[in-house]
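# Results of the structural survey
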Amino acid sequence: MGFVVLKMKIRFILIQNRAGKTRLAKWYMQFDDDEKQKLIEEVHAVVTVRDAKHTNFVEFRNFKIIYRRYAGLYFCICVDVTDNNLAYLEAIHNFVEVLNEYFHNVCELDLVFNFYKVYTVVDEMFLAGEIRETSQTKVLKQLLMLQSLE
Amino acid sequence: MPAVSKGDGMRGLAVFISDIRNCKSKESEVKRINKELANIRSKFKGDKALDGYSKKKYVCKLLFIFLLGHDIDFGHMEAVNLLSSNKYTEKQIGYLFISVLVNSNSDLIRLINNAIKNDLASRNSTFMNLALHCIANVGSREMAEAFASEIPRILVAGDTMDSVKQSAALCLLRLNRTSPDLVPMGEWTARVVHLLNDQHLGVVTAATSLITTLAQKSPDDFKTSVSLAVARLSRIVTSASIDLQDYTYYFVAAPWLSVKLLRLLQCYPPPEDTSLRSRLTECLETILNKAQEPPKSKKVQHSNAKNAVLFEAIALIIHHDSEPNLLVRACNQLGQFLQHRETNLRYLALESMCTLASSEFSHEAVKTHIETVINALKTERDVSVRQRAVDLLYAMCDRSNSKQIVAEMLSYLETADYSIREEIVLKVAILAEKYAVDYTWYVDTILNLIRIAGDYVSEEVWYRVIQIVINRDDVQGYAAKTVFEALQAPACHENLVKVGGYILGEFGNLIAGDPRSSPLVQFNLLHSKFHLCSVPTRALLLSAYIKFINLFPEVKGTIQDVLRSDSQLRNADVELQQRAVEYLRLSCIASTDILATVLEEMPPFPERESSILAKLKKKKGSSKLPDMDDSRKNVNGSTEHAEDAEVASKSLPSRYSAPLLFFSVPQPPQFLLEELISTDRPHPSSSATMLPTRTMVPSHTFTDDLSVNSAPSSGASLLVDVFSDFSSAAPTEGSDEHFPRFVCKNNGIIYENQLLQIGLKSEYRQNLGRMYVFYGNKTSTQFLSFSTSVSSNNVLGPQLNVQEKPVDPLIEAGAQVQQILNIECVSDFSDAPILNIQFRYGGTLQNIAVKLPVMLNKFFQPTEMTSQDFFQRWKQLGAPQQEVQKIFKAKNQMDTDVSKAKLLGFGVALLDGVDPNPANFVGAGIIHTKTTQVGCLLRLEPNTQAQMYRLTLRTSKESVSQRLVELLSEQF
């Protein structure tokens, strides 16, 4: 029987633009502020040099970053090296589709002006470093309900 | 579908964000932010109570400012107030602020917990979710203490809304990770497992993560989850693609849930129940079959989702490693992906095949893809894909294909990316050794490695080739010939010079019969490289030369001339100089017999596992992020750490310890270390393994390069523990109780606890000092990752330089290792440097801090002077700030001889007959610092009747007088 270390957990989610400005940073483990800044810069350096022919995965310290670029934005998820790459790659896409629906053709500015709502979307779909809800219909229904409470 | 407009709800916030975006420079941004902060501060402080909306808006602005990277030091209270609002939007901003900004030790935690408690009890699912998300995001111990018992209740209660259950499951997971002791699952286990049967797939999705984490920690308690997971998975994979509606993603049924279920099953061995087992096998076959079906959509999302499940299924098949049929099918499927046009799939196939290669059932099937993998090495554009190809070649290598694989790796190495060269070098070195049938191939391969990528050949690699050559006499002649030929190249890598020097020094005689490689030719060849090499290599070459004198008496004169030349005998480097002096002397005075004994061929090394393996492991694990998860247990309950510790203990690499050398001028070897540091205590190490005894031959000479095997207990520099992040560090233990004892003496025990004894021996000359620190392992277990550092505070830093020589990272049970510290006094000082020691004992990291007894008086040089001179200087130093006097009570018996010894130990010369009262002591000395010298005069007047002393110091510098009085007055 094989030797397997199972740890399904997201360490952080980052949305950055090409210039390196952070549009969302969601941390699932404790880092101090300096370390966070360092991670943000490192991720940017690692991800932006890659081209479309490269994989969507890149080793990062002793973890890996699964990322996908949408227009000028990089969506990055940091997970364990043993985690399922494609599952997280599609989790990113699923998340982007929800944002797109919620913000009606989402663009970078939506994330800037509604940063506090983006956190709500993230918490609906990811919690405690795990995938919480994958159904776009269910997530959007919930967001619509919350929107109505404003 | 909902759509939101920009910043609706909070106009002021949108305006502020626009303002910030319009700032042309960092300065204007800071200015705008400061203006806003002042505004918010005044609103919060103002007399008028703010309404909820305003409070929300300002807290949100503060949050925005914080996220821009500015510090926020107020507003926490207002955020906490928002938590008790009845409006969702206000509550949400409050919780968001808390999640992002409040750390767990905040004073506000009680208020926050109170608000959370109210929300959890509110029966309003929106509020409950906000509260649960906050707990999951913060995850502090205080929250675990407050809510760990409440959350399982919410999770399993019949009337809890589905979305709340999802949040509760993951909230519990978070608390279990951070404070497992506070989250006993006991009574809830069965009901939690049954969530796998829940109607709502979102609940199952969240619950599966929770159960997987719990099952990893206590597999037995969650065994029943296996059958439920298989049943659930079976229903998903056999469903028509539209059955699951909301959970179908690009025609793939619940891909993420499938992946999670397959992960959960990887916590367990294959089911023993045959019907369950065949049901699982059916599922896995169905997943493999689907991979062969034509795609239902051309979208990449479809194939990604499908393949996510497929790769996880293959991971489970590999994990079970019990169904040859499935393993071979998995391998064939991956083989198809190796040539897929999607880079992602090629990468993942290479990665996944790597694990398949280690299964006996699929190893052969993997090998059939060798040509494709070699091709990938040559053609892939993405370095990470090429890296996976290297890994796979390494994994599929066996005796049948080793020559081909090693050759391909060597040829790839010529053009390989710098980032992966070292790893390839290590892999080639390991494979060449592991599969060497004849060792000439091995020697050729390693020399090729040095030729192609010399800079990436680490010490472990060339140490290893020497170990192997020394241990196998069938290859020694070939090795000598090959290095001799390789050294002919006009420019060869320094590592080659090292290997060449070592091997010719040992086995040059095997090729000396050929006039083209006569002793003199060999020597001239080596010496032609000498001046281009670094000091350590030159040192090694000098050792090779003295070995030559033994092997080839005919070149003795030539070599002696070289050793005698000014560039050797007066070399500025003490190491080289000392070797030249000692080797020259040895060659002159020792008889042929003694030379032959001393310079005998190295005996074989004890067989041991290659240290290169450990190095490779270390490389893989470097630069870790800290890891919250402490559970790295596999299903059998053994830990990865234990496995690696075992590897570590098997492979004790040789170590080339540095010789002990003294101050710069040429001088005959001294033997400072011949006596045990403390004769009155049981010594931790058996006899004097580390401490040379006086013999005719300078004993340290051959503790260096040429006697790699003489100290089996030292070593393992490569095994600095890779896994240092998952054992708890014991708090630093400090000690300075022995510190004062060292004011008047230089040797002794400075620290001792149950594990470790630290002895010191030090010597000082003018403003320089050298301290020998002996670390004795008192236990019956080895210390791993032993490391030390010396730290000085800001004041001391520029005053005193302490430079540490390397120390062995491994101390065997009962053994002792030594470390040298070089000390330089730059200017007078009064603090002491701290020696920080860290090592791993058992599973625990030990930290010890010891105040090093380096005091100002150590840099005393005693000065003799006449009574007349003394009084003349005494008067010259009469200014009030130059004299410091202290009257103190005797702590010890007042004995003249003891006092005398102490004063001499303190460093001054005692001047007899200067003081009219013979009971008084008068002394003089000069404190040497790099920047200046300070003359010091001292007078100690004992009063036996009163049991008091009066101590007077006069020096040209007040701080020096002050410090010396402090130090000395504590001694009587």
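The name an unreviewed UniProt entry gives chain A is AP complex subunit sigma, with Xiphophorus couchianus as the organism. Turning to chain A, the UniProt record has this under Sequence similarities (unreviewed entry): "Belongs to the adaptor complexes small subunit family."

### Notes on the overall build of chain A
A count of helices and strands for chain A gives five helices and seven strands. Tracing chain A from N to C terminus, the helices and strands come up as β-β-α-β-β-β-α-α-α-β-β-α. Looking at chain A as a whole, 69% of its 150 residues are labelled buried. A separation of at least 24 residues holds for 49% of the contacts in chain A among residues at least 6 apart in sequence. Per element, the accessible surface of chain A, about 5,100 Å² overall, is 52% carbon and sulfur.

### Describing the overall build of chain B
The secondary structure content of chain B amounts to 38 helices and 17 strands. Expressed as a percentage of its 972 residues, the buried residues of chain B come to 57%. For chain B, the accessible area works out to roughly 41,100 Å², and carbon and sulfur atoms hold 50% of it.

### With respect to the pairing of strand β11 (residues 844–851) of chain B
Residue and element names in this part refer to chain B. Judged by how many residues are buried, β11 sits mostly within the fold: six of eight residues are covered. Two strands pair when backbone bridges link them, and strand β10 (residues 834–841) and β11 are joined in this way by eight bridges, in the antiparallel orientation. Residue pairing for β11: Leu835 is matched across the bridge by Val850. In sequence, β10 turns back onto β11 through a hairpin of two residues, with Gly842 there showing a positive phi of about 60°.

### What about the interface of chain A and chain B?
Taken residue by residue, the interface counts 79 residues in chain A and 93 residues in chain B. Of the roughly 7,700 Å² buried between chain A and chain B, counting both surfaces, carbon and sulfur atoms make up 57%. Linking chain A with chain B are six salt bridges, by the criterion used here. Note that Asp382 of chain B and Arg50 of chain A form a salt bridge whose closest N and O atoms lie 2.7 Å from each other. Applying the counting criterion to the chain A and chain B interface returns 30 residue pairs in polar contact (both at pLDDT 80 or more).

### A word on the packing of aromatic side chains
This model, assessed by the stated rule, comprises 34 aromatic pairs over all chains. Relative to Phe75 of chain A, the ring of Tyr70 of chain A has its centre 5.5 Å away and its plane inclined at 85°; by these criteria the two rings are edge-to-face. For Tyr70 of chain A, a relative accessible area of 18% puts it in the buried group. By the ring-pair criterion, three or more aromatic residues cluster together here, those being Tyr775, Phe783, Phe786, Phe839 and Tyr841 of chain B. Positioned above the aromatic ring of Phe127 of chain B, the side-chain terminus of Lys91 of chain B is 4.5 Å from the ring centre. It is Lys745 of chain B that lies over the ring of Phe742 of chain B; its NZ or CZ is 5.7 Å from the centre.

### What to know about the nonpolar core
Ranked by internal contacts, the top residues of the largest apolar core, which has 270 residues, are Phe126 of chain A together with Ile116 of chain B. The element contributing the most residues to this core is helix α2 (residues 85–102) of chain A, with 11 residues. For Ile116 of chain B, the contacting residues outside a window of four places in its chain are Tyr95, Ala131, Cys134, Ile135, Met143 and Phe147 of chain B. The next biggest cluster of nonpolar side chains, apart from the first, holds 62 residues, and it includes Met855, Phe859, Ala890 and Leu953 of chain B.

### A look at the sheet that holds strand β9 (residues 816–825) of chain B
Residues and elements named next belong to chain B. On the basis of which strands lie adjacent, the open sheet formed by five strands has the order β4-β5-β6-β9-β8 and antiparallel pairing. In this open sheet, the two strands that pair with only one neighbour each are β4 (748–752) and β8 (800–804). Strand-to-strand, the axes of this sheet are offset by a mean angle of 25°, without reference to chain direction. One ladder, built from 10 bridges, connects strand β5 (residues 756–765) with strand β6 (residues 768–777); its direction is antiparallel.

### Thoughts on the pattern of salt bridges
Think of it this way: side chains of opposite charge can pair up when their charged atoms draw near. Residue and element names in this part refer to chain B. This structure, assessed with the given rule, holds 50 salt bridges over all chains. Residue Asp828 is joined to Lys957 by a salt bridge in which the shortest nitrogen-to-oxygen separation is 2.4 Å. Taken together, the residues span a long stretch of sequence, with Asp828 in the loop between β9 and β10 and Lys957 in the loop between β17 (948–955) and α38 (958–969) at a distance of 129 residues.

### Overview of the environment of His738 of chain B
Residues and elements named next belong to chain B. Mapped onto the elements of the fold, His738 is located in the loop between β3 (733–735) and β4. Residue classification places His738 among the buried positions, given a relative accessible area of 10%. Sequence separation of His738 and Glu752 is 14 residues, and the distance between their C-alpha atoms is 9.6 Å. With near-sequence residues (within four places) excluded, His738 lies in contact with Ile749, Ile750 and Tyr751. Of note is the side chain of His738, whose polar atom sits 3.0 Å from the side chain of Arg741.

### Side note on the sheet that holds strand β2 (residues 22–27) of chain A
All names here are of chain A. Strand order in the open sheet made by the five strands is β2-β1-β5-β4-β3, with antiparallel pairing throughout. Since the sheet does not close on itself, it has two edges, and those belong to β2 and β3 (57–60), each with one partner. Along the sheet, successive strands turn relative to each other by an average axial angle of 20°, direction set aside.

### Focus on the environment of Glu97 of chain A
Mapping Glu97 of chain A onto the fold places it in helix α2. The sequence separation of Glu97 of chain A and Gln136 of chain A amounts to 39 residues, and the corresponding C-alpha distance is 8.0 Å. With sequence-adjacent residues up to four places away left out, Glu97 of chain A is seen in contact with Gln136 of chain A together with Tyr250 of chain B. Of the polar contacts made by the side chain of Glu97 of chain A, one reaches the side chain of His93 of chain A; its length is 2.6 Å. Of the polar contacts made by the side chain of Glu97 of chain A, one reaches the side chain of Tyr250 of chain B; its length is 2.4 Å.

### Looking at the environment of Leu13 of chain B
Secondary-structure assignment places Leu13 of chain B in helix α1 (residues 11–22). In sequence terms Leu13 of chain B and Lys61 of chain B are 48 residues apart; their C-alpha atoms lie 6.2 Å from each other. In this view, Leu13 of chain B contacts Phe115 and Tyr116 of chain A together with Lys57, Cys60 and Lys61 of chain B; residues no more than four positions away in its chain are not counted.

### A closer look at the packing of helix α16 (residues 300–320) of chain B against helix α18 (residues 343–356) of chain B
Residues and elements named next belong to chain B. The geometry of α16 relative to α18 is characterised by a closest axis approach of 10 Å and an angle of 10° between their N-to-C directions. Between α16 and α18, the crossing angle belongs to the class labelled roughly parallel. Residues Asn307, Phe311, Ile314 and Ile318 of α16 touch α18, and the partners they reach there are Leu345, Leu348, Ala349, Ser352, Thr355 and Leu356. For the contact of α16 with α18, a count of residues per class yields seven nonpolar, three polar and no charged.

### With respect to a negative patch on the surface
Judged by side-chain charge, Asp32, Asp33 and Asp34 of chain A together with Asp71 of chain B come together as a negatively charged surface patch. Mapped onto the elements of the fold, Asp34 of chain A is located in helix α1 (residues 33–48).

### Some words on unusual backbone geometry
Residue and element names in this part refer to chain A. Unusually for a residue other than glycine, Asn105 sits at a positive phi of about 60°. As for its position among the elements, Asn105 is in the loop between α2 and α3 (108–113). Classification of Asn105 by relative accessible area gives exposed; the value is 57%. Phi angles above zero are rare outside glycine, and Ala128 is one such case at about 55°. Its location among the elements puts Ala128 in the loop between β6 (126–127) and β7 (130–131). The buried category is assigned to Ala128, whose relative accessible area is 4%.

### Brief notes about the confidence of the model for chain A
Confidence along chain A averages 92 in pLDDT terms, with 95% of residues attaining 70 or more. Below pLDDT 50 for its whole length, residues 1–6 of chain A participates in 21 contacts with residues either more than four positions away or in separate chains.

### Some points on α1 of chain A
Residues and elements named next belong to chain A. Compared with the 22 Å implied by 1.5 Å per residue over 16 residues, the 23 Å span of α1 between its first and last C-alpha is a close match. Taken together, the buried positions of α1 are Glu35, Lys36, Leu39, Ile40, Val43, His44 and Val47. Looking at the buried positions of α1, the neighbouring elements they touch are β1 (10–17), β2, β3, β4 (63–70) and β5 (73–80).

### A word on the side chain of Asn571 of chain B
Residue and element names in this part refer to chain B. With respect to the helices and strands, the residue Asn571 is situated in the loop between α31 (566–569) and α32 (574–589). Asn571 sits in the buried class, given a relative accessible area of 14%. For Asn571, the side chain forms a polar contact with the main-chain nitrogen of Asp573, separated by 2.7 Å. Beyond its immediate sequence surroundings of up to four residues, Asn571 is in contact with Arg538, Asp566, Leu576 and Gln577.

Calculation rules
Residues numbered from 1 in each chain as written. Chains lettered and ligands numbered in written order. Predicted model: local features only at pLDDT ≥ 70, side-chain atom pairs only at ≥ 80, totals over all residues. Heavy atoms only, no water. UniProt positions renumbered as here; feature names shortened; annotations may be inferred. Helix = DSSP H or I, 4+ residues; strand = E, 2+ residues; numbered from the N terminus. Buried < 20%, exposed > 50% of the residue type's maximum accessible area, 1.4 Å probe, protein only. Contact = heavy atoms within 4.5 Å. Areas by Shrake-Rupley, 256 points an atom, 1.4 Å probe, with all protein chains shown as cover. Pairing = 2+ DSSP bridges. Buried area = accessible area lost by both parts, 1.4 Å probe. Salt bridge = Lys/Arg side-chain N within 4 Å of Asp/Glu carboxyl O. Polar contact = N/O pair within 3.5 Å; in protein donor to acceptor, adjacent residues only side chain to side chain. Phe/Tyr/Trp six-rings, centres within 6.5 Å; stacked < 30°, edge-to-face > 60°. Lys NZ or Arg CZ within 6 Å of the ring centre and 35° of its normal. Core = buried A, V, L, I, M, F, W, Y, C linked by side-chain atoms within 4.5 Å. Axes fitted to C-alpha atoms, helices over the stretch in contact; angles between N-to-C directions. Parallel < 35°, antiparallel > 145°, perpendicular 65-115°, else oblique. Nonpolar A, V, L, I, M, F, W, Y, C, P; charged D, E, K, R; others polar. Patch = residues over 30% accessible without salt bridge, like charges linked within 9 Å, V, L, I, M, F, W, Y side chains within 5 Å. Lys, Arg positive; Asp, Glu negative; His and termini not counted. Charge placed at Lys NZ, Arg CZ, Asp CG, Glu CD. pLDDT = per-residue confidence, 0-100. Expected span 1.5 Å × (residues − 1).

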